[in-house]
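Survey of secondary and tertiary structure
Next come the chains, spelled out residue by residue.
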Amino acid sequence: MEPGEETCGVLTSDIHITGGSAEPLECLRPRHQFGQHLIRRDDGGYVAYETDWTCGCEMCQSDEPDDWCEIYRDVSDEEAKYLLGSADAELKGFQD
């Protein structure tokens, strides 16, 4: 990211993604990014995540706007740097 560039800022409090952080963690990627969100856990590790739009479970079918399953995984420092470097960056095969 360029100095002074705004971050995406989407918050997640899902304990599976945040690693049990007491506070919601904010996406570090550039504002209006394409692809996965990226957070840094309290332990310093990075996690990328995105909404699973193909899920048809009961929670995803509810009327609540934020009730969607998320696909997530730990990412290396190199992958995190790639995601932070461009709003157009996307990890290929993320949902495989």
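As shown above, the structure is provided for reference.
Right, let's walk through the structure included here. It should be emphasised that the depicted structure is a prediction, and the values quoted were computed from it without experimental measurement.

Analysis parameters
Residue indices follow the written sequence of each chain, beginning from 1 at its first position. At least 70 in pLDDT is required for a residue's local features to be given in this predicted model, at least 80 for side-chain atom pairs to be given and counted, and no such filter applies to totals for whole chains, interfaces and linings, which use all residues. Excluding hydrogens and water, the side-chain values take into account all heavy atoms of the structure. Definition used in this section: a nonpolar core is a set of buried Ala, Val, Leu, Ile, Met, Phe, Trp, Tyr and Cys residues joined via side-chain atoms within 4.5 Å. Burial status follows relative accessibility: with a 1.4 Å probe on protein chains alone, a residue under 20% of its type maximum counts as buried, one over 50% as exposed, and anything between as partly exposed. Comment: elements are numbered from the N terminus, with helices defined as DSSP H or I runs of at least four residues and strands as E runs of at least two. Strand pairing follows a simple DSSP-based rule, namely that at least 2 bridges must link the two strands. The convention used is that axes are lines fitted to C-alpha atoms, helices contributing only their stretch in contact, and that angles between N-to-C directions extend from 0 to 180 degrees. Should any heavy atoms of two residues lie within 4.5 Å, those residues are considered in contact.

1. Digging into the nonpolar core
Ranked by size, the top nonpolar core spans eleven residues in total: Leu38, Tyr46, Ala48, Ile71, Val75, Ala80, Leu83, Leu84, Ala89, Leu91 and Phe94. Those elements giving two or more residues to this core turn out to be strand S4 (46-51), strand S5 (70-75) and helix H2 (77-85). Among the elements that line this core, the one with the most residues is H2, at three residues. Leu25, Ile39, Val47 and Tyr49 belong to the second largest nonpolar core, which has five residues in total.

2. Details of the sheet that holds strand S3 (residues 37-40)
Taken in spatial order, the three strands of this open sheet run S3-S4-S5, and their pairing is antiparallel. Only two strands of the sheet have a single neighbouring strand rather than two, namely S3 and S5. Averaged over all neighbouring strand pairs, the angle between strand axes comes to 25 degrees, with direction disregarded. Most of the contacts of H2 go to S5, to which it runs at about 120 degrees, and overall it touches S3, S4 and S5.

3. Details of the pairing of S3
Inspection of the sheet shows S3 paired to S4 by four bridges, in the antiparallel sense. Looking at S4, one finds that isoleucine 39 is bridged to valine 47.

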